[in-house]
Amino acid sequence: MELVLDKLTKQFGRKTAVDEMTIRMKPGVYGMLGANGAGKTTLMRMICGVLNPTRGTVFLDGKDVENLGEDYRNLLGYLPQDFGYYPEFTAENFMLYVAALKGIAPQNAKIRSKELLELVGLTEVSAKKIRTYSGGMKQRLGIAQAVLNDPRILVLDEPTAGLDPKERVHFRNLIADFSKDKIVILSTHIVSDIEYISDTVLMIKDGKLIINRPAEHIAHEMDGKVWRCVVRKQETEAISRSFCVANLHHGDDDTVILRVLNDESPLQGAVNETPTLEDLYLYHFQSDIAEYRGSNR
Ligand SMILES: Nc1ncnc2c1ncn2[C@@H]1O[C@H](COP(=O)(O)OP(=O)(O)OP(=O)(O)O)[C@@H](O)[C@H]1O
(Lines give C-alpha, C1' and ligand atoms only; values in the text may rest on other atoms or scores of the structure.)
Protein backbone atom coordinates (compact mmCIF):
# COMPACT_ATOMS: atom_id res chain seq x y z
CA MET A 1 0.00 0.00 0.00
CA GLU A 2 1.28 3.45 -0.89
CA LEU A 3 -0.38 6.79 -0.19
CA VAL A 4 1.03 9.68 -2.17
CA LEU A 5 0.29 13.34 -1.59
CA ASP A 6 1.21 15.05 -4.80
CA LYS A 7 1.76 18.80 -4.58
CA LEU A 8 -1.21 19.07 -2.25
CA THR A 9 -2.19 22.70 -1.79
CA LYS A 10 -4.94 24.50 0.10
CA GLN A 11 -5.64 28.17 -0.09
CA PHE A 12 -8.09 30.03 2.11
CA GLY A 13 -8.46 33.32 0.26
CA ARG A 14 -4.93 34.70 0.06
CA LYS A 15 -3.64 32.44 2.82
CA THR A 16 -1.84 29.30 1.60
CA ALA A 17 -2.41 26.92 4.50
CA VAL A 18 -0.76 23.95 2.74
CA ASP A 19 1.75 24.68 0.03
CA GLU A 20 2.56 22.07 -2.65
CA MET A 21 3.16 19.26 -0.20
CA THR A 22 4.49 16.06 -1.69
CA ILE A 23 4.89 13.02 0.57
CA ARG A 24 5.05 9.29 -0.21
CA MET A 25 3.81 7.08 2.60
CA LYS A 26 4.18 3.33 3.06
CA PRO A 27 2.85 1.42 6.10
CA GLY A 28 4.34 2.87 9.29
CA VAL A 29 3.77 5.71 11.72
CA TYR A 30 4.22 9.27 10.46
CA GLY A 31 4.50 11.85 13.23
CA MET A 32 3.69 15.39 12.21
CA LEU A 33 5.16 18.29 14.13
CA GLY A 34 4.53 21.98 13.57
CA ALA A 35 3.66 25.16 15.40
CA ASN A 36 0.05 26.34 15.74
CA GLY A 37 -1.31 27.25 12.33
CA ALA A 38 1.44 25.38 10.43
CA GLY A 39 -1.17 23.55 8.33
CA LYS A 40 -1.33 20.11 9.99
CA THR A 41 -5.10 19.98 10.44
CA THR A 42 -5.72 21.28 6.92
CA LEU A 43 -3.41 18.61 5.50
CA MET A 44 -5.09 15.84 7.49
CA ARG A 45 -8.54 16.98 6.44
CA MET A 46 -7.47 16.84 2.79
CA ILE A 47 -6.03 13.35 3.26
CA CYS A 48 -9.37 12.24 4.73
CA GLY A 49 -11.41 13.86 1.95
CA VAL A 50 -13.17 16.20 4.40
CA LEU A 51 -11.67 19.20 2.61
CA ASN A 52 -11.04 19.55 -1.12
CA PRO A 53 -7.54 20.62 -2.12
CA THR A 54 -7.18 23.81 -4.13
CA ARG A 55 -4.59 21.98 -6.20
CA GLY A 56 -2.80 18.65 -6.08
CA THR A 57 -3.95 15.07 -5.63
CA VAL A 58 -3.99 12.25 -3.10
CA PHE A 59 -3.20 8.89 -4.71
CA LEU A 60 -3.69 5.47 -3.16
CA ASP A 61 -1.68 2.84 -5.01
CA GLY A 62 -1.57 5.10 -8.02
CA LYS A 63 -5.31 5.87 -8.07
CA ASP A 64 -6.75 9.32 -7.40
CA VAL A 65 -8.72 8.90 -4.16
CA GLU A 66 -11.42 11.21 -5.47
CA ASN A 67 -12.28 8.54 -8.01
CA LEU A 68 -12.11 5.78 -5.39
CA GLY A 69 -14.82 7.54 -3.34
CA GLU A 70 -16.48 5.15 -0.88
CA ASP A 71 -13.79 2.49 -1.39
CA TYR A 72 -11.21 4.95 -0.08
CA ARG A 73 -13.38 6.21 2.79
CA ASN A 74 -13.91 2.62 3.96
CA LEU A 75 -10.15 2.28 4.41
CA LEU A 76 -9.90 5.41 6.55
CA GLY A 77 -10.11 6.03 10.28
CA TYR A 78 -10.06 9.64 11.45
CA LEU A 79 -9.90 11.32 14.82
CA PRO A 80 -10.45 15.04 14.21
CA GLN A 81 -9.05 17.64 16.58
CA ASP A 82 -12.48 18.97 17.53
CA PHE A 83 -14.12 15.62 17.80
CA GLY A 84 -17.84 15.99 18.63
CA TYR A 85 -18.82 13.68 21.46
CA TYR A 86 -22.44 13.24 22.40
CA PRO A 87 -22.41 13.93 26.14
CA GLU A 88 -25.66 12.09 26.85
CA PHE A 89 -24.54 8.90 25.09
CA THR A 90 -22.78 6.11 26.94
CA ALA A 91 -19.49 4.96 25.39
CA GLU A 92 -21.18 1.70 24.32
CA ASN A 93 -24.01 3.49 22.53
CA PHE A 94 -21.66 6.00 21.00
CA MET A 95 -19.50 3.22 19.52
CA LEU A 96 -22.59 1.47 18.10
CA TYR A 97 -23.77 4.77 16.65
CA VAL A 98 -20.43 5.42 14.93
CA ALA A 99 -20.37 1.79 13.75
CA ALA A 100 -23.80 2.30 12.13
CA LEU A 101 -22.52 5.45 10.39
CA LYS A 102 -19.59 3.44 9.08
CA GLY A 103 -21.95 0.76 7.76
CA ILE A 104 -20.72 -2.01 10.09
CA ALA A 105 -23.31 -4.79 10.59
CA PRO A 106 -24.92 -4.61 14.09
CA GLN A 107 -23.64 -8.01 15.28
CA ASN A 108 -20.05 -7.23 14.27
CA ALA A 109 -20.41 -3.72 15.68
CA LYS A 110 -21.24 -5.07 19.13
CA ILE A 111 -18.30 -7.46 19.23
CA ARG A 112 -15.84 -4.94 17.81
CA SER A 113 -17.02 -2.14 20.14
CA LYS A 114 -16.56 -4.36 23.15
CA GLU A 115 -13.06 -5.37 22.06
CA LEU A 116 -11.99 -1.81 21.41
CA LEU A 117 -13.41 -0.40 24.64
CA GLU A 118 -11.44 -3.10 26.42
CA LEU A 119 -8.30 -2.21 24.45
CA VAL A 120 -8.50 1.47 25.39
CA GLY A 121 -9.33 0.66 29.02
CA LEU A 122 -12.92 1.91 29.10
CA THR A 123 -14.81 -1.34 29.73
CA GLU A 124 -15.65 -0.50 33.31
CA VAL A 125 -17.13 2.87 32.45
CA SER A 126 -18.66 1.90 29.11
CA ALA A 127 -22.22 2.16 30.46
CA LYS A 128 -21.60 5.65 31.87
CA LYS A 129 -22.50 8.83 30.03
CA ILE A 130 -19.68 10.50 28.16
CA ARG A 131 -20.30 13.77 29.98
CA THR A 132 -18.89 12.15 33.13
CA TYR A 133 -15.58 11.29 31.38
CA SER A 134 -12.26 13.06 31.85
CA GLY A 135 -10.50 14.60 28.83
CA GLY A 136 -8.20 11.60 28.61
CA MET A 137 -11.11 9.13 28.66
CA LYS A 138 -12.86 11.03 25.86
CA GLN A 139 -9.66 10.99 23.85
CA ARG A 140 -9.35 7.21 24.30
CA LEU A 141 -12.94 6.84 23.15
CA GLY A 142 -12.05 8.99 20.14
CA ILE A 143 -9.24 6.64 19.26
CA ALA A 144 -11.49 3.59 19.69
CA GLN A 145 -14.14 4.99 17.34
CA ALA A 146 -11.48 5.86 14.75
CA VAL A 147 -10.39 2.22 14.48
CA LEU A 148 -13.88 0.66 14.51
CA ASN A 149 -13.76 -0.22 10.83
CA ASP A 150 -10.21 -1.62 11.14
CA PRO A 151 -8.85 1.09 8.84
CA ARG A 152 -5.75 0.62 6.70
CA ILE A 153 -5.06 4.36 6.99
CA LEU A 154 -5.48 6.01 10.36
CA VAL A 155 -5.33 9.79 10.75
CA LEU A 156 -5.18 11.19 14.28
CA ASP A 157 -5.18 14.94 14.87
CA GLU A 158 -3.54 15.59 18.24
CA PRO A 159 -4.57 12.27 19.74
CA THR A 160 -2.47 12.74 22.88
CA ALA A 161 -3.97 16.13 23.82
CA GLY A 162 -5.37 15.85 27.33
CA LEU A 163 -3.71 12.53 28.14
CA ASP A 164 -1.69 12.25 31.33
CA PRO A 165 1.79 10.62 31.17
CA LYS A 166 0.45 7.16 32.03
CA GLU A 167 -2.28 7.39 29.42
CA ARG A 168 0.28 8.63 26.95
CA VAL A 169 2.36 5.48 27.38
CA HIS A 170 -0.80 3.39 27.01
CA PHE A 171 -1.62 5.28 23.82
CA ARG A 172 1.85 4.72 22.36
CA ASN A 173 1.50 1.00 22.95
CA LEU A 174 -1.93 1.01 21.32
CA ILE A 175 -0.53 2.69 18.23
CA ALA A 176 2.44 0.32 18.11
CA ASP A 177 0.02 -2.66 18.22
CA PHE A 178 -2.26 -1.13 15.67
CA SER A 179 0.19 0.21 13.13
CA LYS A 180 1.41 -3.07 11.67
CA ASP A 181 0.82 -3.01 7.88
CA LYS A 182 -1.05 0.27 8.22
CA ILE A 183 -0.36 3.89 7.53
CA VAL A 184 -0.79 5.93 10.69
CA ILE A 185 -0.51 9.71 10.45
CA LEU A 186 -0.65 11.68 13.67
CA SER A 187 0.01 15.21 14.76
CA THR A 188 0.98 16.44 18.18
CA HIS A 189 2.71 19.32 19.87
CA ILE A 190 4.44 16.91 22.21
CA VAL A 191 7.85 16.20 20.78
CA SER A 192 8.52 13.16 22.98
CA ASP A 193 5.36 11.46 21.64
CA ILE A 194 6.66 11.79 18.12
CA GLU A 195 10.07 10.56 19.21
CA TYR A 196 8.66 7.38 20.73
CA ILE A 197 5.88 6.53 18.31
CA SER A 198 6.99 7.58 14.84
CA ASP A 199 8.91 5.72 12.18
CA THR A 200 9.07 8.89 10.12
CA VAL A 201 9.05 12.48 11.34
CA LEU A 202 7.39 15.18 9.25
CA MET A 203 7.94 18.81 10.21
CA ILE A 204 5.64 21.41 8.79
CA LYS A 205 6.26 25.12 8.86
CA ASP A 206 4.06 27.80 7.26
CA GLY A 207 2.30 25.20 5.13
CA LYS A 208 5.54 23.70 3.81
CA LEU A 209 7.10 20.34 4.51
CA ILE A 210 10.55 21.17 5.85
CA ILE A 211 11.60 17.75 7.15
CA ASN A 212 10.64 14.22 6.11
CA ARG A 213 13.09 11.75 7.66
CA PRO A 214 13.21 8.36 9.37
CA ALA A 215 12.92 8.96 13.12
CA GLU A 216 16.20 7.20 13.92
CA HIS A 217 18.17 9.69 11.82
CA ILE A 218 16.29 12.78 12.73
CA ALA A 219 18.35 14.12 15.61
CA HIS A 220 21.55 13.82 13.52
CA GLU A 221 20.32 16.82 11.54
CA MET A 222 21.50 18.78 14.55
CA ASP A 223 24.95 17.20 14.87
CA GLY A 224 27.46 19.92 15.70
CA LYS A 225 24.75 22.50 16.41
CA VAL A 226 23.93 21.78 20.05
CA TRP A 227 26.26 23.42 22.57
CA ARG A 228 26.74 23.31 26.30
CA CYS A 229 27.93 26.65 27.62
CA VAL A 230 28.74 27.52 31.19
CA VAL A 231 28.30 31.25 31.80
CA ARG A 232 27.93 33.69 34.64
CA LYS A 233 24.38 34.46 35.78
CA GLN A 234 24.48 38.05 34.60
CA GLU A 235 25.46 36.98 31.06
CA THR A 236 22.41 34.74 30.61
CA GLU A 237 19.97 37.36 29.42
CA ALA A 238 22.27 38.74 26.71
CA ILE A 239 23.03 35.23 25.42
CA SER A 240 19.33 34.30 25.39
CA ARG A 241 18.67 37.39 23.29
CA SER A 242 21.34 36.52 20.73
CA PHE A 243 20.98 32.74 20.54
CA CYS A 244 18.33 30.04 20.70
CA VAL A 245 18.58 28.65 24.22
CA ALA A 246 16.89 25.25 24.50
CA ASN A 247 17.47 24.79 28.19
CA LEU A 248 19.04 26.46 31.18
CA HIS A 249 19.87 25.30 34.65
CA HIS A 250 21.76 26.78 37.52
CA GLY A 251 25.16 25.38 38.34
CA ASP A 252 27.29 25.96 41.42
CA ASP A 253 27.91 29.47 42.69
CA ASP A 254 27.28 32.11 40.12
CA THR A 255 27.16 29.89 37.03
CA VAL A 256 24.38 28.91 34.65
CA ILE A 257 24.55 25.98 32.22
CA LEU A 258 22.92 26.71 28.88
CA ARG A 259 21.98 24.43 26.01
CA VAL A 260 22.41 26.61 22.95
CA LEU A 261 21.32 25.73 19.40
CA ASN A 262 23.54 27.38 16.84
CA ASP A 263 25.38 26.50 13.63
CA GLU A 264 28.71 27.63 15.04
CA SER A 265 30.12 27.67 18.53
CA PRO A 266 28.29 30.50 20.31
CA LEU A 267 30.98 31.16 22.92
CA GLN A 268 34.55 30.26 23.70
CA GLY A 269 34.65 27.02 25.65
CA ALA A 270 31.27 25.80 24.35
CA VAL A 271 31.17 21.99 24.02
CA ASN A 272 29.03 19.95 21.61
CA GLU A 273 26.22 17.86 23.09
CA THR A 274 24.19 14.96 21.70
CA PRO A 275 21.17 16.38 19.86
CA THR A 276 17.54 15.39 20.44
CA LEU A 277 14.39 15.80 18.36
CA GLU A 278 13.36 18.62 20.67
CA ASP A 279 16.53 20.49 19.74
CA LEU A 280 15.64 20.12 16.07
CA TYR A 281 12.12 21.36 16.68
CA LEU A 282 13.27 24.39 18.64
CA TYR A 283 15.93 25.16 16.06
CA HIS A 284 13.38 25.32 13.24
CA PHE A 285 10.61 26.98 15.21
CA GLN A 286 12.64 29.45 17.26
CA SER A 287 11.04 32.45 15.58
CA ASP A 288 7.51 31.12 16.35
CA ILE A 289 8.55 30.41 19.92
CA ALA A 290 10.08 33.88 20.34
CA GLU A 291 6.87 35.39 18.93
CA TYR A 292 4.79 33.27 21.30
CA ARG A 293 6.92 34.29 24.29
CA GLY A 294 6.69 37.93 23.20
CA SER A 295 2.90 37.84 22.91
CA ASN A 296 2.60 36.28 26.35
CA ARG A 297 4.69 38.84 28.16
N1 LIG B 1 -11.54 27.31 7.17
C2 LIG B 1 -10.53 28.18 7.18
N3 LIG B 1 -10.66 29.42 6.70
C4 LIG B 1 -9.64 30.29 6.68
N5 LIG B 1 -8.40 30.02 7.17
C6 LIG B 1 -8.20 28.80 7.68
C7 LIG B 1 -9.25 27.82 7.71
N8 LIG B 1 -8.74 26.67 8.27
C9 LIG B 1 -7.44 26.94 8.57
N10 LIG B 1 -7.11 28.21 8.21
C11 LIG B 1 -5.80 28.83 8.35
O12 LIG B 1 -4.84 27.99 7.73
C13 LIG B 1 -3.65 27.92 8.51
C14 LIG B 1 -3.35 26.50 8.89
O15 LIG B 1 -4.32 26.06 9.87
P16 LIG B 1 -4.34 24.58 10.48
O17 LIG B 1 -5.51 24.49 11.39
O18 LIG B 1 -4.25 23.61 9.38
O19 LIG B 1 -2.97 24.57 11.32
P20 LIG B 1 -2.47 23.51 12.40
O21 LIG B 1 -1.04 23.24 12.08
O22 LIG B 1 -3.38 22.34 12.45
O23 LIG B 1 -2.58 24.34 13.75
P24 LIG B 1 -3.01 23.83 15.22
O25 LIG B 1 -1.84 23.06 15.73
O26 LIG B 1 -3.22 25.11 15.95
O27 LIG B 1 -4.24 23.02 15.08
C28 LIG B 1 -3.87 28.85 9.70
O29 LIG B 1 -3.32 30.11 9.39
C30 LIG B 1 -5.37 28.95 9.81
O31 LIG B 1 -5.76 30.17 10.36
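Note that the structure is a prediction, hence the values are computed from the model and not measured. (Residues numbered from 1 in each chain as written. Predicted model: local features only at pLDDT ≥ 70, side-chain atom pairs only at ≥ 80, totals over all residues.)

Peer 1: Could you give an account of the UniProt feature "domain: ABC transporter" (unreviewed entry) in the protein, with specific residues and numbers?
Peer 2: What UniProt calls "domain: ABC transporter" (unreviewed entry) maps, in this numbering, to residues 3-248. Helix makes up 35% of residues 3-248 and strand 30%. Its end C-alpha atoms lie 42 Å apart. (UniProt positions renumbered as here; feature names shortened; annotations may be inferred. Helix = DSSP H or I, 4+ residues; strand = E, 2+ residues; numbered from the N terminus.)

Peer 1: Lay out the environment of Leu148 in plain terms, naming residues and giving numbers.
Peer 2: Within the secondary structure layout, Leu148 lies in the loop between helix H6 (135-146) and strand S7 (153-157). Leu148 sits in the buried class, given 21 other C-beta atoms within 10 Å. Leu148 sits 44 residues away from Ile104 along the chain, and the two C-alpha atoms are 8.6 Å apart. If we skip the residues at most four places from it in the chain, Leu148 touches Met95, Val98, Ala99, Lys102, Ile104, Arg112 and Leu116. (Buried ≥ 20, exposed ≤ 12 C-beta atoms within 10 Å, placed from the backbone. Contact = placed C-beta atoms within 7 Å.)

Peer 1: Describe the confidence of the model for the protein, and please don't skip the residues or the numbers.
Peer 2: The pLDDT averaged across the protein works out to 90; a share of 96% of its residues lies at or above 70. The weakest mean pLDDT in the protein belongs to helix H11 (residues 277-295) at 72; the strongest belongs to strand S1 (residues 3-12) at 98. For this predicted complex, the interface confidence comes out at an ipTM of 0.96, alongside a pTM of 0.88. (pLDDT = per-residue confidence, 0-100.)

Peer 1: Requested: an account of the sheet that holds S1, with residues and values cited.
Peer 2: The four strands lie next to each other as S2-S1-S4-S5, forming an open sheet whose pairing is antiparallel. Both outer strands of the open sheet, strand S2 (15-25) and strand S5 (63-64), are each paired with one neighbouring strand and no more. Of the pairings in the sheet, the one linking S1 to S2 comprises seven bridges and is antiparallel in character. For Leu8, the partnering residue across the bridge sits in S2 and is Met21. Sheet strands in contact with helix H1 (residues 40-47) are S1, S2 and strand S4 (55-60), and its direction is about 55 degrees off that of S2. (Pairing = 2+ DSSP bridges. Axes fitted to C-alpha atoms, helices over the stretch in contact; angles between N-to-C directions.)

Peer 1: Mind laying out the environment of Leu33, listing which residues take part and the relevant values?
Peer 2: Residue position: Leu33 is located in strand S3 (residues 28-33). For Leu33, a count of 29 C-beta atoms within 10 Å translates into the label buried. Linking Leu33 and Lys114, residues 81 residues apart in sequence, is a C-alpha distance of 33 Å. Sequence-distant contacts of Leu33, that is, excluding residues within four places in its chain, are made with Val191, Ile194, Val201, Met203 and Tyr281.

Peer 1: Describe the packing of helix H4 (residues 91-101) against H6, naming the residues involved and giving the relevant values.
Peer 2: In contact at an axis separation of 10 Å, H4 and H6 are set at 30 degrees when each is read in the N-to-C sense. With respect to H6, the element H4 is oriented roughly parallel. For the pair H4 and H6, the sense of crossing is right-handed. Touching Ala91, Phe94, Met95 and Val98 of H4 are Leu141, Ala144 and Gln145, all from H6. Split into classes, the residues belonging to the contact of H4 with H6 amount to six nonpolar, one polar and no charged. (Parallel < 35°, antiparallel > 145°, perpendicular 65-115°, else oblique. Left-handed = near helix turned anticlockwise from the far one by under 90°. Nonpolar A, V, L, I, M, F, W, Y, C, P; charged D, E, K, R; others polar.)

Peer 1: Please provide a residue-by-residue account of helix H5 (residues 106-119), values included.
Peer 2: Look at H5: 20 Å from first C-alpha to last across 14 residues, which is about the 20 Å you get at 1.5 Å a residue. When we look at burial in H5, the residues that qualify are Ala109, Arg112, Ser113, Leu116 and Leu117. Viewed end-on, H5 has its buried residues packed into an arc of 130 degrees, placing them on one side of the element. Every exposed residue of H5 that faces more than 90 degrees away from the buried side is listed here: Gln107, Ile111 and Glu115. Just downstream of H5, Gly121 is the residue with a positive phi angle, here 75 degrees. (Expected span 1.5 Å × (residues − 1). Arc of directions from axis to C-beta.)

Peer 1: Would you mind going over the site of the ligand in detail, with residue names and values included?
Peer 2: Every residue lining the ligand is accounted for by Phe12, Lys15, Ala17, Gly34, Asn36, Gly37, Ala38, Gly39, Lys40, Thr41, Thr42 and Gln81. For the shell around the ligand, the elements supplying multiple residues, two or more each, are S2 and H1. Looking at the shell around the ligand element by element, the count peaks at three residues for H1. For the shell around the ligand, the class distribution of residues is three nonpolar, seven polar and two charged. (Near = placed C-beta within 6 Å.)

Peer 1: Please give an account of unusual backbone geometry that cites residues and values.
Peer 2: The backbone of Asp61 sits at a positive phi, close to 45 degrees, despite the residue not being glycine. By secondary structure assignment, the location of Asp61 is in the loop between S4 and S5. In this structure Asp61 comes out as exposed when scored by C-beta crowding, with 10 C-beta atoms within 10 Å. The backbone of Asp181 sits at a positive phi, close to 65 degrees, despite the residue not being glycine. If you trace the backbone, Asp181 turns up in the loop between helix H7 (165-178) and strand S8 (183-187).

Peer 1: Requested: an account of the sheet that holds strand S13 (residues 255-261), with residues and values cited.
Peer 2: If you walk across this open sheet you meet the four strands as S12-S13-S11-S14, and the pairing is antiparallel. Edge positions in the sheet fall to strand S12 (244-250) and strand S14 (271-272), since each has one partner strand and no second. Relative to S13, S12 runs antiparallel, the two sharing six bridges. Its bridge partner being in S13, Leu248 is matched across the sheet by Leu258.

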